[in-house]
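# Examination of the molecular architecture
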Amino acid sequence: MPKQLIEGLIGQLHDKFADSDTSPQQEEMIAQMQSQLAEWEGPNPPGDFRETAELLYQEMEDEHPTAARLIQEIINTLTNIGV
């Protein structure tokens with residue numbers, strides 16, 4: 001269930017900001033999270049998924065508050081599953 005919730009949130013993030021003025025670094029972090037999510041097997045996401053989410057949150061919180069809220073939901077979901 002957490003994986004599906006995070007997939008939905010990342011999908012929303014990508015849909016809302018695909019055509020916006022996000023930086024190449026921000027786009028790269030979103031793509032990295034999508035890739036790691038595709039590899040997710042078992043109870044926890046692979047690699048540095050949470051770290052990437054936290055960095056992306058910091059990058060987006062001032063310029064893109066809506067995106068930052070979606071990313072915060074991802075981080076909260078990770079916290080709830082103990083990641």
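Residues numbered from 1 in each chain as written. Predicted model: local features only at pLDDT ≥ 70, side-chain atom pairs only at ≥ 80, totals over all residues. Heavy atoms only, no water.

### Focus: the confidence of the model for the protein chain
Looking at the protein chain as a whole, the pLDDT averages 86, with 96% of positions reaching at least 70. Per-residue pLDDT, averaged within each element of the protein chain, yields its smallest value for helix H1 (residues 2-17) (85) and its largest for helix H3 (residues 49-60) (92). (pLDDT = per-residue confidence, 0-100. Helix = DSSP H or I, 4+ residues; strand = E, 2+ residues; numbered from the N terminus.)

### What to know about the environment of Met 60
With respect to the helices, strands and loops of the structure, Met 60 is situated in helix H3. Sequence spacing of Met 60 and Ser 23 is 37 residues, and the spatial spacing of their C-alpha atoms is 9.7 Å. Contacts of Met 60, omitting those with residues within four sequence positions, involve Thr 22, Gln 26, Ile 30, Pro 65, Ala 67, Ala 68 and Ile 71. (Contact = heavy atoms within 4.5 Å.)

### So, the side chain of Thr 52
Looking at where Thr 52 falls in the secondary structure, it is placed in helix H3. Beyond its immediate stretch of four places on either side in the chain, Thr 52 contacts Met 29, Gln 32, Met 33 and Gln 36.

### Some thoughts on the nonpolar core
The biggest cluster of nonpolar side chains holds 20 residues, and the ones touching the most others in it are Ile 6, Leu 13, Phe 49, Leu 56 and Ile 74. Of all the secondary-structure elements, those providing two or more residues to this core are H1, helix H2 (24-39), H3 and helix H4 (65-80). Ranked by residue count, the leading element in this core is H4, at six residues. In contact with Phe 49, not counting residues within four places along its chain, are Ile 6, Ile 10, Met 33, Gln 36, Leu 37, Ile 74 and Leu 78. (Core = buried A, V, L, I, M, F, W, Y, C linked by side-chain atoms within 4.5 Å. Buried < 20%, exposed > 50% of the residue type's maximum accessible area, 1.4 Å probe, protein only.)

### Observations regarding the pattern of salt bridges
Inspection of every chain in the model, using the stated rule, returns one salt bridge. In this structure, the salt-bridge partner of Arg 50 is Glu 54, at a minimum N-O distance of 2.8 Å. Here Arg 50 and its partner Glu 54 are both found in helix H3, four residues apart, which amounts to about one turn of the helix. (Salt bridge = Lys/Arg side-chain N within 4 Å of Asp/Glu carboxyl O.)

### Some words on the packing of aromatic side chains
Considering all chains together, one arrives at one aromatic pair under this definition. Plain terms: the ring middles of Trp 40 and Phe 49 are 6.5 Å apart, the flat faces sit at 50° to each other, and that makes the pair tilted. Assigned by exposure class, Trp 40 and Phe 49 land together as buried. (Phe/Tyr/Trp six-rings, centres within 6.5 Å; stacked < 30°, edge-to-face > 60°.)

### A short note on a negative patch on the surface
Side chains of Asp 21, Glu 59, Glu 61, Asp 62 and Glu 63 sit close together on the surface and give a patch of like negative charge. Inspection of the secondary structure assignment puts Asp 21 in the loop between H1 and H2. (Patch = residues over 30% accessible without salt bridge, like charges linked within 9 Å, V, L, I, M, F, W, Y side chains within 5 Å. Areas by Shrake-Rupley, 256 points an atom, 1.4 Å probe, with all protein chains shown as cover. Lys, Arg positive; Asp, Glu negative; His and termini not counted. Charge placed at Lys NZ, Arg CZ, Asp CG, Glu CD.)

### A closer look at H3
Given a rise of 1.5 Å per residue, twelve residues ought to cover 16 Å, and the 16 Å separating the end C-alpha atoms of H3 matches this to within 8%. Those residues of H3 lying buried are Phe 49, Thr 52, Ala 53, Leu 56 and Met 60. The buried residues of H3 occupy an angular sector of 100° when projected down its axis, which confines them to one face. Lining the buried residues of H3 we find H1, H2 and H4. (Expected span 1.5 Å × (residues − 1). Arc of directions from axis to C-beta.)

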